[in-house]
Every structure is written in C-alpha cells, then in structure tokens.
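# An overview of the molecular structure
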Amino acid sequence: MASCSPIKRYIVSVFSRPAVMICVFTLLLCGTHLGSAAANKKKKIDTPASSTGAPGGAAVGGSSKQTLPTCQLSDFHFEYTECHSDGVRWRVSVPNPDTCENGGPPPPIRAVDCGFTCEAGQYLDVQNSQTCLNCAAGKYSLGGGQRFENWNKMPQEFLSLSEKVDEMYMESRSNCNESAWVARNGFISSPGNDCQVSLVYSANLKKAGYVKFIYSYAEDDTIFHVRISNDQCQETGHGIDRWPDATGEGQWKEIKIDLSMGMNVISWKAIGMNFEDSTKTSPVRIKLIEINGLSYTSQCTDCPSGTYSDTSGSTDCLVCSANSFSAAGATSCTSCPDTHYSHAGSSNCTVRQACKQDDYFQTKAPCNAQSKTKTVYKWIQPKICRSDITGATQLPSDSGEIDCPPCNPGMTFVNSSTCNFCPRNYYSNGINECKKCEGSTAPEYGMSFTSWNYMPPNMEATCLSMYGNGCATDDGWALSDNHIHSGQGHSDDVYLVLSISTAGFRSKEGYFNGGAIEVGTVKFEFELQCVGDCLLFFLEEDYKSTVIESWEGAQNRTTYIYSVNQQSERRFTWAFQKADYDNSDIAGSKYRNDMAIIYSIEVTNTVDGGASYCKACPVGSDMEGCIPCPEGYYISNKTNKCEQCPPNTYLQNAHPYGEESCIPCGEGLKTYKNSVCYADCHLVYDYKHYDLTSLNGFHSVLSGASFSAKGTRFNSLFNISLCGNNGVGTALCKNNVTIHSEKTEDFDDDVKSLICRSTIIPSPTGEDEATLSAQPVSIGDQLIGLNDAMGLAGITKSVFPESPYDIPDLKFYFHSSESTKACKNGRSTELILRCDKNADGRGVLHLPEKCPGGTCDGCTFHFLWMTAAACPECMEDDYYAIKGECSAGKQVKQYVWNSTRVCRDGVPLPEPITSVCSMIPWYGQLAIAGFVFSLLVLIVIVVVVWKQNKTLEYKYQKLVASASGELPAAETCAIGEDEEEDNIIFEDGKSTSFFSKLKSLGSSNSSDKDLEFSSMQNKLLPTS
C-alpha cells in the first residue's frame, strides 16, 4: 500500500473537488485492503520467475553463482491467482523466497470461487483443506470483514477530505485547508469547525454485508451525513443515505447499515452549521468502524494486549479487568501481585507506592432504620497505593453513630433512610414532617439542594468512558455531606454527568421591556479543583441539548444564576471532563484526583418538586387549595380578590399578585383574554386602515443555496405566520432527520411558532426520497409590537433601503425567548411589509442582500415582504371631482383617483353627478350681473338727487314769491326752524344743467357757503 501513496498525493494535488478525488481514489485503489492484498499475492507469485531469470538462479549481472538446494514439497506455500471474469481462480504453489530452487512444485488446483467468504470467528485454510476453520483461543476473526478500533494513527485505508462552505447563506470562517479527521488514540474526530470534512473508505464486497460504526457528537450545530455510493459516485441500489442524530455530550450510539455486493464507497461527512458568532461546532467522534462482507481472511488476528479470548471461534476479545493484565494473543488475564496494580485493559502492572492522604475520601454511611449515620473513610478505587509499608498513610477510623442530617427543604424522610419530596399540597422545611397547606393557601414549589447526604429522586449521575473502561464507579459522582463531587480515581477519558429534571415552570414565557420574561431560575454554587485543563459544561435539554455556559481549568468557589425563559419540561445537566479530548492525551490517569464540586443547586417556580412554605390564595378558594383566578385576572394585594387586568394588557405569572403583573401589549396589538397579544390582520396606522386578512396563515421563504462538492444543496427555510389565530403561531418547521437515522425513541423535534427556521437538505439523488429538514428553531414565539417597537425588540436599525413610496412601511417585531450561549436574550425578528400595488397574489418575501441567510449576527433576523396587502385602504382624500362642459342644459361631475394613489379597496369612487346648467357662459353671466347692479345703483342715486333738487326748488320759489321789495329779517332768511342751512342753495337766475346741480349739491358743505349766500342776497336786493 505504501507504493500507492505517491499516486494518492498526486490525485489530491491535481483534482480540486473532493467528489472527483473520491471517485479516482476508489477506481485506483479498488478497495484499498483488497487491492494491496492482491498486489502482494501477485508480487509473491512473480518473485521466483524474476529472481531466477538466469539459469541456476544466478543473479543478473553478477559474476558469481549462489547454489540453493532443490525445492522440496515443504518449501512451497500456496496462494490464489487473480479472479477470472467467470469468478474462477486457482491455487498455485509458490516457493518460499531464498530457500530453494528448481524442484517439482505441486500442480495447481481449482480454488474456492472468488465470492467465497468465511463466517465471523473463522478463517480459510488455504494451505490445506481450503475450508473454513474456527480461530483458536487467544485469536479472533470477522470472517469476511475488517474492524478499525485502534486509532493511534489514521489507517492508510482511509482518505480525509476538506471543503470550504462559502456560498450564499453560510460561509466558512475557519482555515479549511488545515481541517481534517484526526486519530486520537481511542477514536477519530472531525475538526469541530464550520468546514465540511469527509472520511472516505472503499470496500469491494464479495457478498452482501454491512458497515457498523459507533459515533458521538453533542449538539445539532453539526450535520453528520453518511453516504454509500458505488465506484461511479452513484447511489447504491439501496439508496443509502443516513443523517445520524446528535447523541448528547459524552454519549455514544451505534449505527449499522446494510451494503450491497460489489464496490461500496462509504463517506462519513461532518458539516459545521453554527449560525451564531462562533466558528466552533460539535466535533463528530467515531471509535469503531466495522465492515463485513469482504473476501476471506486466511489467518486469525491475535487479541490485542490487555484483552483475551478464552474460546475458539471468537469474533471479539474481552477486556482484562482492573489489577490484571495480558499480552497479545492471550487466552486469559494474569492477576497483578499485591504489590502492583493496573487499570482495566492494561498490558502490564505498575508498582504500588505508599498511600497518601489524597488516596482516600470521606463520606457518610446511609441512614439506618433508626435514622442514624456515621462518617466513613474509603480508599479511592481502584486502589493504587500500599498502606502496609513504612511511611504510608492509614485509613482513619469511622466515627460513632450520629443522627441523620435533615432533608432538603420541601422533602421528608422515607423509611427513615432516604429523602423524598412532600406529596402535592404539602410542605416541609426539611426538618419536620410534611404538613398539609391550610385553607386558602397553596404550596410554592421548587427544588433546593444544599445537603448532600441523599441523592435527590429527580437527579441522575452517570460516568461515561471514551475507551469504555475508565470509570471507577458507574455513578461517577459521589455524595459528601455539604457537597457532591465528580468522584476520584476515574481515568482521564471519562465524562461525568449530573442531571436534574423538572416537568416545567408555572409562569408563561414572553418578552417585555427589552428582554425575555423570566419564568424561573437555576442557581448553583460550584468549584473546580484541577491540575490539568478540565472542563465543566452547564447544559439545558428539551428536544435538543444546548450548552449554556462552560468553564475551563481550576475555578474558585463560584455562584452562577441562569434565567429560564421557557416553561416547558426540561433537563439541566452538569458535565465534567478531566481533559480536552481533542487537544490532550486522555489515555491513563494523569488527572486522577481532578474533580468538580457542586455545593448547592436551586431551581425556582417549578410545577413539581417540593414546597417549603404555602402562599395565600385569592379570596374564594376552597379548603383543599387555591382556586386559580380566571384567565386574565390577577390577585389584588389590597383585597386579595381576583381582578381583571386593564384593557390591552396580558398576564405572565401563574400566580399573579398585583396589577403590575399585567403587562401592556405592544403598539398596535390587541389582547386575547388578557393572556396573549396579537395582531388581528386589521390595523390602523397613521390614520389609515390596512387589511391584512389575505396574508393570514403561514408563508415560506427559502434562502439562497449552498452546494457541496457532490452537488448537495443546503438552504435555510423560514416559515412565517403573520397575524390572526388569537396569537397562536401556525408556522411549522419540521425535523425529519430522525426518520433517516437509527433513532428509535419517540421524540418530537418539530417546532411550531409565529416564525421558525429549519435547514433544508434536498434529496441527493433527485429521486423520490424525502427532502430532509433539520435543526428547526423558533425565531419568533411572540409578537411584541408594530412600527414603533424597534427599540423594544433590540433592533436598532433596519437593513433594508427606505421605501420609494410616500406610504409608511408596516413593521412587525417578534421575539423568541429560547436563549443560546451567543443569544442570551433569545432571538428577535423584524418583518417589514411594504406596499407594492403591482405585486401578484400575496406578494414576495425578500431576505437582506448583505445577509442572505436572513441574519447578520445569528440573533436578529430581517425580512421584507413586498405585497399589495401592505397598501392602505382608499379614503375620500385619495380622489377628486372634475366638472364637464354644460351641454343641452346639463352638466356632469365625475370623480377620479389622485395620480399618486397607492391605496386599494376601501372607499370606492362616487358615481358621476348630473346637474342643470345655463347656456350663457359664466363670464357672460357675471358681466350681466355687474351691469344690472351698476344700473340699479345709478337709478337710486338719480332718485335721491332729484328728490333733493325738488325740495330746494320749492323753497326757492317760495322765497321769491314772498319778496315785496323788502327782504325779511336776516335772522329768518326764509329758512324754517326745522330746516338746515346747508340744504339751501340760491339760484343766480341763470339756467343750470343737471350736472351743475349735482356739483352745487356736492359743494354745499364748502367753507364759502356763507359768502355765496351773501353774494346772492346782494344780487336780489334792489339798489338804492
């Protein structure tokens, strides 16, 4: 196989696409282990001819001749020829190299057919009977199979390929040129980054067989894909494609896939799919790969050191227990002497040193029937020290019996030996027995663990070993009075898990005032006592496992508080590992005494657990417990009665006290029974009405595609439910990956919310296979506001350009309370509805150009919906009237839309109005009206003037007629007492025109009228 290495390196350097590399790799190597075996056989067959090319076996070009004895029958061994096209091959005799020459070899005979294989635990006796025989004790065989479980280095039969994902919705940020599968003693591991790495193996099966592998990866931020194809890179007849599901931290799962006869190219592919701000993803680890259905094996394999096989026909070897050892090919394990020790699976024993103080630990004995206990001391197992030599520390004596410590709050003794939670509607302080809550009170449930003499009933402890034999105890964790610790004596490859479960929390999840509403808390106090780079993970598990926080290396006593914002059933886990599996050598017990210590754990506001006190109920409750207030009602602090929340507010707490428990709905939202805020698809914004009922239901938008080397496409699918349905989301994102995996438990991974996202992997063959949907996650559980709620959602600005229309956008803001390590406040979504009166149907959903995956930071998502439904309904301001010409005495008034109209539906255009009109144009009518008015004014003036003139003329004539040569006295001046002097004008005897009279009349107020009167009087009087 070494001769093929330059060819492989040449392939890697020439071909840039991994798919091509895989195919060429397969065609050239043809099932690497078989190809190399055939080549070795051919080489052995040809060796005698080439080495005896000169007569007598003389070396070519040599001057001397080496004399070898004549070959006897015992100097020959048998090998098989290459298979003919009809499946026939021959067994031929081949002399052992450099042992003899000439002689008469046994004649060739027909061998077993090329498709012949032996069963597991057997080998083919090529040299004699050509039949399958059982392996002897101390050996094992897979028959026609091969097993890989020793990963000190990467076997040459495997090829590791790496590819950068750099298209559309996701881009690799790691250096993928340096990413590859790596052997780490007990397993092989993918790099755990955002690159796409493949592990490829080709197997030429002589009969139908299988591939079996044991794998582990913690979280769904990695897609693990197993694909079986033929030598033409096409799917096999079975159409085999598997997407193994995540196992959780430290867990291993086994998958077995059937294979067809012929060439099978098996590819294990790990694809980092982290949408958050980190390139780190969960690595995929494989600790065993087994292929069955290959050609025969002509010899059995010795059991590795540290294992044994005590029966013939074994298919596997057993591991030696602690304090025993074995060499390779052993039929049993040998016990170590008392002065030595060994760990399980050891090949030798180690001398025990003198015991020291850190070789034992202190604990409490279980309580007996009299509720008594005592302090006891135990050696750490396995015991690796001696206490019978000078200078050794001795194990302290046990203490005398003492009373058992009290239980934790909310718990009580059961059978005087263990603690359990109080029954429903009961409470206890942990010291006294459980008591029933009094009338009109109810227990306040939670979990509080500060005393560690008893394992809580809802807590589990487990030890998992990467190599399978590193746990000192099955539980791993140990109780120790005021704390619980991860135990001592475990090997460095262990994974120590402590979990606590709850049925859920009493408060409703939601979003308010810029953050997710807290439905409960998990508070714990811990310490890490480590010499090496130990790790402690804190995880939250519902339908998937999420790392909330992690700590590395030694840590002083620390308190951590986690705010829970989802009310559903979940599990909280503390996982401790002594070394980083991907960066450290974890074989052995270098960090034997490193451990994690947890002093206290407190979980609040749960629906289960125990209660340490009872809380007052609202007025009206019965004696058996609280009668909850109706939906949307809170408990008044003043009256202790149930009162309804104010309009447009909703409740979050299960036991709401005070009006402050009522949380206002966002701008533009309505409330359903004071329990949830929603948009009813009819909105009023900026004095305009919008009808969004055509957008009811849920809608989908698919991100741009990213293609792998094999043409496998990946997309992000977003499902959106905008309004209606009383605030209950109808968007569904499915996870059907488990359909294609070996997962057997019934577990619902689907997500239903207002807005959700899933990763879509179409069928690789393009045939009738189901499209895969993986990693569903909610990005909008709650609608928190419209238009002006940007700051509330934590979104500071939009990523879309402004609308070209003079119509405001409708902006919906959603929030998902599910938090991650990168998104501690959950995820927020901005959905912009923009008016497009030319949009067909429901319109088109767009993703940001700069962030084609819908998000730029993994926590905030943006969508733009161009739709006619976002145009406001038409109002009276959106049209105007136009009057037509007067025709036949009639005029028509018509109504038309404004040229800039973008509204729809709403107020329709009024019908045309017909009215009677005149034939004279308006300006003619206006001129006539002006003339008539002027004429009337003139007539009035003439009448008034004429009347004034007649009055003056009459008075003048009367004055003339009364003259007798002698004028009357000046004081009378022919003016009556009731007449005004200014109204009298004396005529000078000349004829006056009408306009002259008007002029005279107009000057009657002149300052010279006295003078004029005097002058006229002089004319009238006779001269003397």
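Here, every reference points to the structure presented above.
So, a few notes on the structure that sits alongside this text. On a predicted model such as this, the values are computed, not experimentally measured, just so you know.

Helix and strand counts for the chain stand at six helices and 75 strands. The buried share of the chain, taken over its 1024 residues, is 47%. If you take every contact in the chain between residues at least 6 apart in sequence, the share linking residues at least 24 apart comes to 66%. Accessible surface computed for the chain: about 50,800 Å², of which carbon and sulfur atoms make up 51%.

In this structure, Phe538 and Trp574 are the most contacted members of the largest nonpolar core, which totals 41 residues. In this structure tryptophan 574 touches Trp477, Leu496, Val497, Leu498, Ile500, Val522, Phe524, Leu536, Phe537, Phe538, Ile598 and Ile601, once residues within four positions along its chain are discounted. Ranked by size, the runner-up nonpolar core spans 38 residues in total, among them Tyr650, Leu669, Cys677 and Ile807.

Tallying each qualifying case throughout the model produces 34 aromatic pairs. When the centroid spacing of 6.0 Å and the interplanar angle of 50° are considered together, the rings of phenylalanine 213 and tyrosine 215 count as tilted. Assigned by exposure class, phenylalanine 213 and tyrosine 215 land together as buried. Considering the side-chain rings of phenylalanine 524 and tryptophan 551, the 6.1 Å spacing of their centres and the 90° angle between planes classify their relative orientation as edge-to-face. Of this pair, phenylalanine 524 sits in strand S44 (residues 520-529) while tryptophan 551 sits in strand S46 (residues 545-552), placing them 27 residues apart in sequence. With relative accessibility at 0%, the residue phenylalanine 524 sits in the buried group.

On to the state of the cysteines. For the structure on display, the rule yields 20 disulfides. Across the disulfide from cysteine 530 sits cysteine 534; the S-S distance is 2.0 Å. Here the disulfide of cysteine 530 and cysteine 534 is right-handed, its torsion about the S-S bond being about 95°. You'll find cysteine 530 and cysteine 534 in the same group, each marked buried. Here cysteine 874 is linked by a disulfide to cysteine 903, with a sulfur-sulfur distance of 2.1 Å. Measuring handedness by torsion sign, the sulfur bridge of cysteine 874 and cysteine 903 sits at about 95° and is right-handed. Separated by 29 residues along the polypeptide, cysteine 874 in strand S71 (residues 873-874) and cysteine 903 in the loop between strand S73 (890-897) and strand S74 (904-906) bring together distant segments of the chain.

Criteria and thresholds
- Residues numbered from 1 in each chain as written.
- Predicted model: local features only at pLDDT ≥ 70, side-chain atom pairs only at ≥ 80, totals over all residues.
- Heavy atoms only, no water.
- Helix = DSSP H or I, 4+ residues; strand = E, 2+ residues; numbered from the N terminus.
- Buried < 20%, exposed > 50% of the residue type's maximum accessible area, 1.4 Å probe, protein only.
- Contact = heavy atoms within 4.5 Å.
- Areas by Shrake-Rupley, 256 points an atom, 1.4 Å probe, with all protein chains shown as cover.
- Core = buried A, V, L, I, M, F, W, Y, C linked by side-chain atoms within 4.5 Å.
- Phe/Tyr/Trp six-rings, centres within 6.5 Å; stacked < 30°, edge-to-face > 60°.
- Disulfide = S-S within 2.5 Å.

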